[in-house]
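Structural overview
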Amino acid sequence: MARKLKTYQTSLGFFDLVIAAPSMKAALQAWGADSNLFHQGFAKESEDADVIEAAMAVPGVVLKRPVGSTGPYKEQAELPTNLADDGDATKAQPKSRNHKPPKHSTRPKDPKAERRAALAFENEEKRRAQERVKEAAVQQRERERRQRAISKAQNALDAARQKYQTKAAEIKAQINVLERKSQTQQARWEKERVRLEAALQKVRG
């Protein structure tokens, strides 16, 4: 059975956020909050009739408006225009305004409309879940593609290292053979030199 929806609001970053959801937990999940903003006093159930009407029109969809502004909530909202350009924190504060108190909802309860809104929220939740599944699949494919690329590069490096080590071993073996030949030749020469020098000395008398 579809659960009755309520409208919750908070401020995150540069935006005020609202959503029509069946529970605070559902609202926090839709906002992507990593802590309980309600317990911390940063979120609450809205009693503003205009805010409730906007949120109930698109249940489960996070609506935004620039933080501190009084404009309508939208799915896509522009950044606040009063951000400081020179790092002066005092300029980033919203200007004080004489706001009118929010209008409280006085509309009679419409069970059919509430059920439709609750079903719309569930559909939006299913859509978001499907998007998360698709995103997870894309990320998994990307991880697999990256892993294949890493494995290919690693295999190429290992093959090149093995080829080098084999060639280096062959060259070292050849050097050892040449060194032994050189030593043998040196020994032969020393023996021959001694013999010839002795013969020369004998001739000279």
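Residues numbered from 1 in each chain as written. Predicted model: local features only at pLDDT ≥ 70, side-chain atom pairs only at ≥ 80, totals over all residues. Heavy atoms only, no water.

1. Some remarks on the pairing of strand 2 (residues 15–21)
So the rule is basically this: For the exposure calls, accessible area comes from a 1.4 Å probe over protein chains only, and a residue counts as buried if that area is under 20% of its type's maximum, exposed if over 50%, partly exposed in between. Each helix corresponds to a stretch of at least 4 residues labelled H or I by DSSP, and each strand to a stretch of at least 2 residues labelled E; elements are numbered beginning at the N terminus. Pairing between two strands requires that DSSP report at least two bridges joining them.
Of all seven residues that make up strand 2, seven are buried, and the element is covered over most of its length. Because side chains alternate across strand 2, one face comprises the buried residues F15, L17, I19 and A21, and the other comprises D16, V18 and A20, equally buried. Sheet topology places strand 1 (residues 6–12) next to strand 2; seven bridges connect them, and they run antiparallel. Paired with L12 across the bridge in strand 2 is F15.

2. Focus on the nonpolar core
If you look at soluble globular proteins, the nonpolar side chains tend to sit buried side by side. Put simply, the test is: As used in this record, nonpolar core signifies buried Ala, Val, Leu, Ile, Met, Phe, Trp, Tyr and Cys residues forming a set joined through side-chain atoms within 4.5 Å. The contact criterion used is simple: two residues touch if any of their non-hydrogen atoms lie within 4.5 Å.
Counting residues in each nonpolar core, the largest one holds 25 residues, and the members touching the most others are I19, A21, A27, W31 and F38. Those elements giving two or more residues to this core turn out to be strand 2, helix 1 (24–31), helix 2 (49–57) and helix 3 (111–204). Ranked by the residues each element gives to this core, the list is headed by strand 2, at six residues. Excluding residues within four positions of it along the chain, A21 makes contact with K4, L5, K6, Y8, A26, A27 and F121.

3. A closer look at the confidence of the model for the chain
What counts here: The pLDDT value expresses, per residue, how confident the predictor is, ranging between 0 and 100.
Scored by pLDDT, the chain comes out at a mean of 82, with 82% of its residues at no less than 70. Contacts from residues 85–99, a stretch scored under 50 in pLDDT, to residues over four places away or in other chains number eleven contacts.

4. A closer look at the sheet that holds strand 3 (residues 43–45)
Stated precisely, the cut-off is as follows: Helix axes use the C-alpha atoms of the stretch in contact, all axes being lines fitted to C-alpha atoms, and the angles between their N-to-C directions lie in the range 0 to 180 degrees.
The four strands are arranged 3-1-2-4 in an open sheet whose pairing can be described as antiparallel. Edge strands, defined here as strands with exactly one partner in the open sheet, are strand 3 and strand 4 (63–66). Neighbour-to-neighbour, the strand axes of the sheet open up by a mean angle of 20°, direction not taken into account. Pairing of strand 2 with strand 4 involves four bridges; the strand directions are antiparallel. Bridge pairing links L17 to K64 in strand 4. Contacting strand 1, strand 2 and strand 3, helix 1 crosses the sheet at an angle of about 135° to strand 2.

5. Focus: the pattern of salt bridges
Two side chains bearing opposite charge may form a pair once their charged atoms approach each other closely. Our working definition: We define a salt bridge as a contact between a side-chain nitrogen of Lys or Arg and a carboxyl oxygen of Asp or Glu at a distance within 4 Å.
Tallied over the entire structure, the rule returns eight salt bridges. R145 is the partner of E142 in a salt bridge, and the nearest nitrogen-oxygen pair spans 2.6 Å. Of this pair, E142 and R145 both sit in helix 3, three residues apart, which is roughly one turn of that helix. Relative accessible area serves as the criterion here: at 42%, R145 is assigned to the partly exposed category.

6. Quick notes on helix 1
If you check which residues of helix 1 are buried, you get A26, A27, L28, A30 and W31. Of the residues one or two after helix 1, G32 is the one with positive phi, at around 75°.

7. Structural notes on the packing of aromatic side chains
Selection rule: A pair of Phe, Tyr and Trp rings is counted when the ring centres sit within 6.5 Å of each other, with Trp represented by its six-membered ring. The angle between the planes then sorts it: under 30 degrees is stacked, over 60 is edge-to-face, the rest tilted. Note on geometry: a ring has a charge over it if NZ (lysine) or CZ (arginine) is within 6 Å of the ring centre and within 35 degrees of the ring normal.
With the rule as written, the count across this model stands at two aromatic pairs. With a centroid separation of 5.9 Å and an interplanar angle of 25°, the aromatic rings of W31 and F38 are classed as stacked. The structure contains a cluster of three or more aromatic residues connected by ring pairs, namely Y8, W31 and F38. In this structure, K64 packs its charged tip against the face of F15, placed 5.3 Å from the ring centre.

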